[in-house]
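# Structural overview
Listed below, chain by chain, are the residues.
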Amino acid sequence: MSDKAAKIQELIEMQKKFIAYEQKNGVNFKDYFTPEAGHELDGYRQSYMDKAMELVDIAHAEKGSHR
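Cut-offs used in this document
- Residues numbered from 1 in each chain as written.
- Predicted model: local features only at pLDDT ≥ 70, side-chain atom pairs only at ≥ 80, totals over all residues.
- Heavy atoms only, no water.
- Salt bridge = Lys/Arg side-chain N within 4 Å of Asp/Glu carboxyl O.
- Helix = DSSP H or I, 4+ residues; strand = E, 2+ residues; numbered from the N terminus.
- Buried < 20%, exposed > 50% of the residue type's maximum accessible area, 1.4 Å probe, protein only.
- Expected span 1.5 Å × (residues − 1).
- Arc of directions from axis to C-beta.
- Contact = heavy atoms within 4.5 Å.
- Core = buried A, V, L, I, M, F, W, Y, C linked by side-chain atoms within 4.5 Å.

### Digging into the pattern of salt bridges
Counted according to the given criterion, the structure contains five salt bridges. The residue E62 makes a salt bridge to K4 at a minimum N-O spacing of 3.2 Å. Taken together, the residues E62 in helix 3 (residues 44-63) and K4 in helix 1 (residues 3-25) connect sequence positions 58 residues apart. For E62, a relative accessible area of 48% corresponds to the partly exposed category. For the salt bridge of E54 with K7, the shortest nitrogen-to-oxygen distance reads 2.6 Å. Highlighted residues: E54 in helix 3 and K7 in helix 1, separated in sequence by 47 residues. For K7, a relative accessible area of 15% puts it in the buried group.

Shown next, in the form of C-alpha cells:
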C-alpha cells in the first residue's frame, strides 16, 4: 500500500471511530474543540488535521504544485 493510500485509510478509520463515538455519546462543541485531558476526543481534531495536511502535501508533490 502506498503512503498516500495508507494516509487515506488512516483518515477513514478515524472518521469511522468518530462517527461511532458520536452516535453512541453525542458530541458537543466543548468536547470537540476543547476536550479535557484524557477525553476520548483529546487530540483528535489536531491529529486528523495533521494527517489530512500530510495527504495534501503528498498530492501536491505528485502534481508538482505547492500550497
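On we go from here.
### So, helix 3
Here helix 3 is 20 residues long and its end C-alpha atoms lie 29 Å apart, about the 28 Å a rise of 1.5 Å per residue gives. Among the residues of helix 3, those classed as buried are Y44, L55 and I58. All buried residues of helix 3 lie within an arc of 60 degrees about the axis, which places them on one face of the element. When the buried face of helix 3 is taken as reference, the exposed residues oriented beyond 90 degrees from it are A61 and K63. Contacts made by the buried residues of helix 3 are with helix 1 and helix 2 (29-33). Following helix 3 by one or two positions, G64 adopts a phi angle in the positive range, close to 75 degrees.

### Observations regarding the nonpolar core
In this structure, M14, F18, Y21, L41 and Y44 together form the largest nonpolar core, which totals five residues. When residues no more than four places from it in sequence are discounted, the contact partners of L41 are F18, Y21, V27, D31, Y32 and P35.

### Observations regarding helix 1
Between its terminal C-alpha atoms helix 1 stretches 33 Å, which fits the 33 Å expected from 23 residues at 1.5 Å a residue. Turning to helix 1, its buried residues number three or more, namely K7, L11, M14, F18 and Y21. Here the buried face of helix 1 lies against helix 2 and helix 3. Taken from the residues just after helix 1, G26 is the one with a positive phi, measuring 75 degrees.

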